[in-house]
Amino acid sequence: MDIQTLTILMVGASFAVYIAIAIWARAGSTKEFYVAGGGVHPVANGMATAADWMSAASFISMAGIISFIGYDGSVYLMGWTGGYVVLALCIAPYLRKFGKFTVPDFIGDRYYSQVARRVAVVCAIFVSFTYIAGQMRGVGVVFSRFLEVEIWMGVVIGMCVVFFYAVLGGMKGITYTQVAQFCVLICAYTVPAVFISIMMTGNPIPQLGFGDTEIGSSVYLLDKLDGLSRELGFTEYTTGSKSTVDIFFITAALMVGTAGLPHVIVRFFTVPKVRDARKSAGWALLFIALLYTAAPAVSTFARVNMINTINGEESAGTAYADAPSWIKNWEKTGLISWDDKNQDGKMFYSGDERNEMKVDRDIIVMANPEIADLPAWVIALVAAGGIAAALSTSAGLLLVISTSISHDLLKRDLAPNISDKQELFYARLAAATAILFAGYLGVNPPGFVAQVVAFAFGLAAASFFPAIILGIFTKKMNSEGAIAGMVSGVLFTSAYIIYFKFVNPAGNVPDNWWFGISPEGIGTLGMILNFVVAIVVSKFTPETPDSIQELVESIRFPQGSGAAQDH
Amino acid sequence: MAFESGEKAKAYWSENIRIMLTLLSVWFIASFGCGILFVDELNTIRMGGFKLGFWFAQQGSIYVFVALIFIYVWLMNRLDKKYGVSED
């Protein structure tokens, strides 16, 4: 069977499973729709959280980025996992005890203010849309590359599948399909990594393999890569080029942003008890770590492999006529190209003026099985995995958008008298509208999708995170302080990012940055600003009401949590 | 109030905070410390094919994170039992 038939079979089979699960797990009430009835087992919830978290970016792009920037790429590895520690220790158990449905719910109730609720709703919707456009695009790209349909066709197919199980099943349907999607995506990531690790180092565990020696040589793989990087004029792989300050701030922004993202937090409302929320965060991170510890190994293998194939073992260049088939396959997509500058008919890849190749970072994971000559079914599996990663994240985000509108905006704010059934109807309507909108963005991506990712994390870090932390750990924080903090954090962070990404992109260089902090890391400074403003303002404004102080008291211990409450 | 007295509630909360801060300092040292601030110093030490600082940034910190959450779960369950505020 050829690759295309295999891919259709593999992707089709995975879709059939997702849809079957959706039919089995239909949501009948708002509680099932929003938080799966609050009865999901912590291990299952951990898998669902992991699938929710690991997006097309984690699956398709991350290893590629690390492959190109080496040590500097560690910001993503530490940032996107370390946030879970903060989440588990400082946020998840308390919000679970609080026992409502959404993050704006907590902000609105804790700060006894509809203004605070609305600020939170706007941030939640903005952050989620930013993210989802990229996911839909990911679905489209995978479809178009492996099934050879147009990108828009791929996006439409992806939209139909997500529509089916997110609108029908709500959080309940999404949670159980995400469990299945996790299994697909983790197999799709691990299988090729293990194969390649064995081929290159003889070590079946990729996490250890990339610290091993290459078969038939006594030089460690990473040392060889550092040597090659120096020779070819790249930055040394294991040291990188970003400043320590910038690495520090970007990592912190990604960590804190992770802990403040609404679609991640809401997952901890779905488990039965506070202790399950704690445990569930642990399982989630364990499942995420399976992919995140394999990613740097994949990056290293791919880098060595790629340089060797293009430049040849002697570093003299490989004749284009003898180029392996993957180079020619991917040339068609425009993601890799060769320009024979010195007219010698040989390809050469380097970081200086000798370079003749243009290689897109995104092909590393997707082309990896071909580069390593793995069997066709592995390539099909990777396609199914990429789609699973994009779909599971989209579904989780869609739910946040629909809940924000039907629950936070309508039920808790504008139209408090609607019935459970009406609310459910609006939730489905909002989810359906959001899918159409996301699909549109997927087909016609605004040029700034990549740029706004920094925005999503920066905003989450500078808005939600301080408000949530102060809401749990201080009783004195009042609504004036929290709102002033959120607004100043958001304004500062967006102004900095908008200036460097849109107003003056040419000036986006370390010399112009404040304290050497790039726009990617500025959310950390915004977060600090939020904390300071909130604390100062709260000192000069009326004290928190007693009922709120009691509420804070009551979320600090687990007993009496019960299931998530209806209103 | 689920606690026997106000003092018990205070004691529970301060033990909770102590556990949290202890674990968070490990979290900070493993990632920001070993992986970022002291990465160059640690890179002079080797562990097989890995430079230690690089290993912390791309592998070690993640293993530490996972372990921290499970240790936290265990410590907190014990604390909840001690003060009689666990859920079962």
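Just so it is clear, the structure is predicted and the values come from calculations on it, not from any experiment.

Draft legend 1. Quick peek at the overall build of chain B. Counting its secondary structure elements, chain B contains three helices and two strands. For chain B, the succession of helices and strands along the chain, N to C, is α-α-β-β-α. In terms of principal-axis extent, the alpha carbons of chain B reach across some 55 × 25 × 15 Å. A total of 88 residues make up chain B; the buried ones form 35% of that total. Sequence separation of at least 24 residues holds for 53% of the intrachain contacts in chain B that already meet a minimum separation of 6.

Draft legend 2. Highlighting the overall build of chain A. Scanning chain A from N- to C-terminus turns up 22 helices and four strands. For 567 residues, the compact-globule estimate of 2.2 N^0.38 gives 24 Å, and chain A sits close to it at 24 Å. For the C-alpha atoms alone, the extent of chain A along its principal axes is close to 80 × 55 × 40 Å. Counting across all 567 residues of chain A, residues that qualify as buried make up 61%. Counting contacts in chain A only where the partners sit at least 6 residues apart, residues at least 24 apart contribute 81% of the total.

Draft legend 3. Spotlight on the packing of helix α3 (residues 42-53) of chain A against helix α8 (residues 151-201) of chain A. Residue and element names in this part refer to chain A. Relative to each other, α3 and α8 sit at 70 degrees, their axes nearing to 8 Å. Relative to α8, α3 is oriented roughly perpendicular. Read as a crossing pair, α3 and α8 show a hand that is left-handed. Together, Ala 44, Met 47, Ala 48, Ala 50, Ala 51 and Asp 52 of α3 and Thr 175, Gln 178, Val 179, Gln 181, Phe 182 and Leu 185 of α8 make up the contact between the two elements. A class-by-class count of the residues in the contact of α3 with α8 yields eight nonpolar, three polar and one charged.

Draft legend 4. Local environment of the interface of chain B and chain A. Contacts between the two partners involve 35 residues from chain B, matched on the other side by 43 residues from chain A. When contributions to the side of chain B that touches chain A are tallied by element, the ones reaching two or more residues are α1 (6-37), β2 (50-51) and α3 (52-82) of chain B. Of all the elements, α3(B) adds the most residues to the side of chain B that touches chain A, at 16 residues. The residue inventory of the side of chain B that touches chain A, partitioned by class, reads 23 nonpolar, nine polar and three charged.

Procedures and definitions
Residues numbered from 1 in each chain as written. Chains lettered and ligands numbered in written order. Predicted model: local features only at pLDDT ≥ 70, side-chain atom pairs only at ≥ 80, totals over all residues. Helix = DSSP H or I, 4+ residues; strand = E, 2+ residues; numbered from the N terminus. Buried ≥ 20, exposed ≤ 12 C-beta atoms within 10 Å, placed from the backbone. Contact = placed C-beta atoms within 7 Å. Rg over C-alpha atoms; globule rule 2.2 N^0.38 Å. Axes fitted to C-alpha atoms, helices over the stretch in contact; angles between N-to-C directions. Parallel < 35°, antiparallel > 145°, perpendicular 65-115°, else oblique. Left-handed = near helix turned anticlockwise from the far one by under 90°. Nonpolar A, V, L, I, M, F, W, Y, C, P; charged D, E, K, R; others polar.

By themselves, these figures tell us nothing about what the structure is for.
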